[in-house]
Every structure is written in structure tokens, then in C-alpha cells.
Amino acid sequence: MNKKTGIPLIVFLVGICLLGLFTYNTNSQIQNNQRTLALMNAKTYGQRIEDDLEAGVQITNSLEQILINSDGQVYDFSKIAKYMMSSSIQSVQLAPNGVVSEIYPDKGNEAGKIDLLKDEKRSKISNYAKKYHTTITQGPFELKQGGSGIAIRNPVYLEDENGQEYFWGFTIVIVRVPKVFEDSTNALSKFRYTYKLSKQESPWNKKYKEVYASTDKMIQPESYDFIVGQEKWKLEVMPKDGWNHTKEVSLVLVCGMIIVLLLTILTRTLLLLDERRIELKELAHKDGLTKLYNRYGFDELSDKMISKNPQAHYVAALLDVDDFKLINDMYGHAYGDRALISLAKSMQEFFPSSALLGRNGGDEFCILLPGHDQELLIEFTKTPRTFTSQGQTYSFTISLGYAEYPDNATERSQLMRCADAALYEVKLHGKNGCMAYKEGFQSGVRKQLGFVLNDISENLPGAFMIYKADKSDDEIFYANKEFLDMAGYENLNALFKGTKKSFRNLIHEDQQEAVEESIWSQIESGSDDDYIHYHLRKADGTYIPVLDQGRIVESERLGRVFYVLFMDCQSMQNHYGTKFGEKAV
């Protein structure tokens with residue numbers, strides 16, 4: 001390990017060790033404080049929950065006392081029970097001999113009139129309460145009225161005329177869960193605690209069953225235990241953010257890390273100034289997007305390559321993406337960049353390591369091959385290539401022109417101009433091809449290529465659009481400025497948003513089916529063109545009459561598409577008079 005790496009590493013490791021020790025001590029202290037506070041809250045709100053449940057037990061005790069004082073009779077049960085009701089109580093019940101016969105409120109609770117000592121789900125715990133003279137709780141269970149509840153059953157024993165004790169039945173309260181203890185749980189949530197309330201499944205079963213919780217996952221929580229009837233209950237709490245994630249510890253850690261990193265970076269920076277100069281020089285020669293050599297780097301290295309062995313044979317090539325501006329306009333510059341990256345990657349994989357590869361800028365790339373490798377260039381041009389957009393794969397083609405050293409030129413700059421002339425000769429012959437330089441090729445103004453698709457479409461004396469020729473998917477691909485102005489859209493993105501990229505949404509609702517039927521009937525009859533007159537919906541919701549002339553075209557990239565020209569009938573009528581309007585209609 002050299003000094004440039006070793007010294008910064010030592011500074012960093014020592015700093016991290018010291019920071020770790022300090023952070024650990026800080027965290028331990030804060031965690032102890034957190035646990036003390038959590039235990040206090042568990043005890044405070046556990047006691048409140050205990051009191052809330054004991055309130056239900058007290059109701060059963062009060063009913064028991066009434067039964068004792070009235071020899072097992074409760075007169076005006078509904079009035080007494082109504083007085084005992086609260087928002088957390090679902091019902092108050094009496095069960096003479098274990099059979100629930102009195103329920104308040106009676107309405108909606110009819111299903112609760114059951115024999116507790118014989119019912120499959122309630123008999124075991126009810127008989128336990130009867131046998132051991134103890135109040136028991138059962139639940140939580142789903143209530144017929146919705147929600148959950150806990151049953152508190154108090155066995156009542158009276159004395160007969162001979163002074164013998166006998167089992168009268170149960171006084172019962174059904175409390176709503178979590179309504180009965182929601183004040184406590186809401187307070188815990190407000191103070192940013194997670195919690196879990198559990199109880200023993202039964203007096204004879206020590207296993208705890210969850211009653212209510214804010215989370216299923218508890219990590220070393222603090223807890224408070226209490227008893228209701230014969231069953232143990234437990235409230236567990238812990239901070240929502242856990243025991244270790246505190247603002248104080250985070251602040252200490254962040255500040256400490258900043259200091260350690262600053263010291264490490266400063267050390268590293270001072271030791272790497274020499275190496276950085278070399279890296280910057282390398283970066284100055286590379287293209288940021290494709291990682292190939294940029295124009296400056298390619299020119300410098302190609303001059304060195306040729307001057308190092310001027311007697312050797314070289315092939316220089318220039319290539320670009322066909323209709324690259326259309327790719328950018330239709331799919332966006334991000335997808336245009338993907339096409340360029342894909343092309344650059346294919347160049348690196350296809351050509352030998354001895355080849356010099358570069359990007360001149362835009363969609364133009366350059367190659368310098370030692371030897372006689374013209375066939376390699378032809379094969380590369382024919383290789384299929386694609387890029388992806390919104391989950392779909394689209395193909396694209398390239399045009400390539402090349403020249404040979406020293407046959408066509410003895411200087412690198414002149415050699416590249418010859419390759420440039422050959423490239424544009426390919427463009428003049430329809431693109432998607434490879435051509436060698438020949439005497440007489442010109443690389444001058446190239447007026448024939450000056451009018452690219454976007455220039456033509458933007459300056460057409462009329463509105464123009466391209467959309468997908470599919471009955472079920474009429475996606476709009478492109479519209480020129482003339483159309484956007486006519487339809488009242490600010491830009492292409494606004495058109496896409498306003499129409500949801502569907503051509504159908506530009507047609508008056510009452511005319512949509514008739515227009516589509518007319519278009520497709522003309523196409524299916526064997527014609528490449530269709531003519532139709534309808535009202536076009538503008539961005540502001542108004543309509544204008546237009547004449548639509550469409551042509552169906554098979555696109556290598558997009559499949560079948562419609563190229564459409566629009567004429568504003570009202571504007572043409574105003575300009576040419578009623579004679580045009582009659583013909584247009």
C-alpha cells in the first residue's frame with residue numbers, strides 16, 4: 001500500500017474508532033434514559049388500563065350486590081343497566097344458572113342469550129369461574145355488532161333458607177376493544193410509543209394472547225404486569241424510532257463523520273494532486289455520455305497513431321444515426337441518449353481493441369481502423385440495433401462513410417473530410433447504408449440535406465400529424481407547430497396531455513365513430529389515402545371544422561402509421577370565399 005492510500009486510511013480508521021467509542025457511550029446513556037422513561041409510561045398507562053377494566057368488574061360486583069340484597073331478583077334490570085352503561089361498554093347481562101337471559105341493550109344482542117356452562121367456546125372458562133368462585137375475562141372476540149369485545153364474568157353465590165351457599169349464575173359486562181382503553185393507547189401513540197397489550201389465554205394457561213397492539217414487532221420492550229380477575233395482563237411499550245435511533249446520537253454521529261471525512265479528504269487531496277492532473281487530462285479526452293473519445297481526444301490520438309507508423313494502411317469512418325432528430329422529437333432526448341449509448345456500446349463490442357473509437361458530437365461517431373477492414377465496416381452497418389422507450393423496443397439504423405489512408409488522403413484531417421463526403425453520399429442515396437469515398441464526392445454545403453424532417457414539418461403551409469394506424473391504439477407520435485397553433489396547444493407535451501395521446505380524442509364526440517369508420521373503410525378498400533371532414537376539438541374545448549387528408553405508411557421503426565394533413569375549413573373559406581367552403585364540405 002502506497003503513501004497516497006495508506007496515510008488517509010490510517011487517519012480515517014483512527015477517526016472512526018474514536019467516533020465509534022464516543023457514539024457508543026452517548027447512545028448507552030440516552031438508551032438508559034429512554035428505558036427509564038418507557039418503563040414509567042408503561043406503568044402509568046398500564047395502571048390506567050387496569051382501572052378501565054376494573055370499572056367493568058365493579059359493574060358486575062354492583063349487580064352481584066343487588067342480587068344478594070334482593071334474594072336473587074333484579075327488578076327494573078333495564079333501568080339499572082342503562083345507568084351503568086358507558087361508551088366503552090357493549091352490553092350488561094345476567095345469566096341465572098349460567099344461561100344468559102337478560103341483556104341490555106336487548107336490541108342487536110339477541111344472539112348472546114346462550115348457556116355459558118355448556119357452550120363450546122365458553123363452557124370451560126365459565127365452569128372454572130363457577131368452581132373457583134373467581135371473576136374471569138374472556139376475549140378478545142368478534143362482536144356480532146362489529147368490532148371486538150372482552151367478556152367479564154363474575155360468578156354469584158347466594159344462601160338458601162338453610163344458610164347453604166348455592167350458585168346463582170353470572171353477572172356479565174361486555175367491554176368494547178379498544179374503546180375501553182383507547183385514552184391510554186392514544187396517549188402512548190401521541191408520545192411516539194409503540195405498544196402491545198396482552199393477557200393470559202386462561203387462568204390455567206400461562207401463554208399470553210395479544211389483545212390490542214400498534215405493531216407486531218417489539219424489540220426488548222419495557223413492560224408492566226397487572227391482574228384482572230384471575231388472569232395476568234401485560235402492557236409492553238417501546239419508542240417508535242427504536243432504542244438506538246435518537247436525534248442526539250444521530251447528530252453526534254453526523255458531526256463526527258463530517259469531521260473524520262474532512263480530515264481524510266484533506267489528507268487524500270494533498271497526496272493526490274499529482275495523480276488528479278493525469279485523471280483530468282484523461283477526462284478531457286473522453287465523451288461524458290458514451291465514454292468514447294471526444295473529438296479533441298480522437299483527433300489527437302489518431303494523429304499520433306498515423307504519425308507513429310505513416311507507412312501503414314488505415315481506414316477512417318464517420319457514421320451517424322438516421323433521423324436522430326426525429327427520435328429526440330418523438331421519444332424525448334433521454335431516449336435519444338439511450339440510442340447513442342447503445343450504438344457506442346455496440347462499437348466497443350464489435351471492433352477490435354486496436355480500433356480508435358470516438359464521438360464527434362451529437363449523433364456523429366468516428367472510427368480509425370489499422371489495416372484493411374472495409375468488410376468489418378459493412379458488416380457493422382448491417383447489424384440490427386435498438387433502443388427501448390416506455391417498455392417497448394424500437395429499431396434504428398445508421399449511415400456510414402469511409403475513406404482509406406493513404407489511398408484517398410495522406411493527412412488525417414483530409415482523410416476525415418473524405419469519410420464525411422462518403423457519409424453524406426449515403427444520406428443522399430436513402431440512408432441506412434455504407435459507402436466508400438470516391439473521387440468527385442463533395443462535402444460542401446449539401447443543400448439537398450439541409451431540410452430535415454423537422455424543418456420541413458415546421459414550415460409546411462398546413463397542419464401536420466403522425467399517429468399509429470391501429471383501430472384499438474391510435475397513439476399520437478408527432479404534430480408540427482402549425483397544428484399546435486391551430487388546435488390551441490402550447491407544445492407537443494400539452495397536446496399529449498390534453499388528448500391522452502389518442503387521435504380519437506381530437507374528434508367531436510358525436511362524430512368519432514363515423515369518422516373512424518370512414519377512414520378505415522377507405523383504407524380497407526385498397527386506398528393508401530383517406531379524406532374526411534369533421535369538427536376538431538381544440539385545447540379550450542371549442543371545435544373547428546377541418547378537412548383531414550391521411551395516408552397510411554409502413555414505418556420500419558413504428559409499424560403502420562398515418563401521416564395526416566389538416567386544413568382549417570373556416571380559415572380557407574374566409575380566404576377563398578364560399579366556393580371553397582362548398583367544395584370542402
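Refer to the structure presented above.
Reading the values: the criteria
Residues numbered from 1 in each chain as written. Predicted model: local features only at pLDDT ≥ 70, side-chain atom pairs only at ≥ 80, totals over all residues. Heavy atoms only, no water. Helix = DSSP H or I, 4+ residues; strand = E, 2+ residues; numbered from the N terminus. Buried < 20%, exposed > 50% of the residue type's maximum accessible area, 1.4 Å probe, protein only. Contact = heavy atoms within 4.5 Å. Areas by Shrake-Rupley, 256 points an atom, 1.4 Å probe, with all protein chains shown as cover. Lys, Arg positive; Asp, Glu negative; His and termini not counted. Charge placed at Lys NZ, Arg CZ, Asp CG, Glu CD. Salt bridge = Lys/Arg side-chain N within 4 Å of Asp/Glu carboxyl O. Phe/Tyr/Trp six-rings, centres within 6.5 Å; stacked < 30°, edge-to-face > 60°. Lys NZ or Arg CZ within 6 Å of the ring centre and 35° of its normal.

Trainee: Could you clarify how one ought to interpret the overall build of the chain in this entry?
Mentor: Scanning the chain from N- to C-terminus turns up 16 helices and 21 strands. Projected onto the principal axes, the alpha-carbon positions of the chain cover approximately 135 × 85 × 40 Å. Relative to its 585 residues, the chain shows a buried fraction of 44%. Intrachain contacts of the chain at a sequence separation of at least 6 include 57% that bridge at least 24 residues. About 32,100 Å² of surface is accessible on the chain, with carbon and sulfur atoms providing 51% of the total. Of the side chains in the chain, 67 bear a positive and 78 a negative charge, and the two mean positions are spaced by 5 Å.

Trainee: Sorry if this is basic, but what is going on with the pattern of salt bridges here?
Mentor: Pairing is possible between side chains that carry opposite charge, provided their charged atoms lie close to one another. Following the criterion strictly, the structure yields 18 salt bridges and no others. Its salt-bridge partner being Lys179, residue Glu182 comes within 2.8 Å of it at the nearest N-O pair. Of the charged contacts, one joins Lys427 and Asp322 as a salt bridge, the two residues approaching to 2.8 Å between their closest N and O atoms. Placement of the pair is Lys427 in helix α10 (residues 412-428) and Asp322 in the loop between β10 (314-321) and α7 (324-331), with a sequence separation of 105 residues. On the accessibility criterion, Lys427 (10% relative accessible area) is buried. Taken together, the shared-partner salt bridges connect Asp299, Asp303 and Arg412 into one network.

Trainee: How do you make sense of the packing of aromatic side chains when you look at a structure like this?
Mentor: The relative placement of two aromatic rings is captured by the distance of their centres and the angle of their planes. For the coordinates displayed, the defined rule picks out 21 aromatic pairs. Between the aromatic rings of Tyr128 and Trp204, the centroid separation amounts to 5.3 Å while the plane-to-plane angle is 55 degrees, which identifies the pairing as tilted. You can see Tyr128 sitting in helix α3 (residues 123-132) and its partner Trp204 sitting in the loop between β6 (193-202) and β7 (205-213), a full 76 residues away along the chain. Classification of Trp204 by relative accessible area gives partly exposed; the value is 37%. Chaining the aromatic ring pairs together yields one cluster made of Tyr467, Phe503, Trp520 and Phe562. In this structure, Lys234 is placed above the aromatic ring of Tyr208, and the distance from its NZ or CZ to the ring centre is 4.5 Å. Residue placement shows Arg385 over the ring face of Phe380; its charged tip is 4.5 Å from the ring centre.

Worth remembering: the numbers are spatial, not functional.
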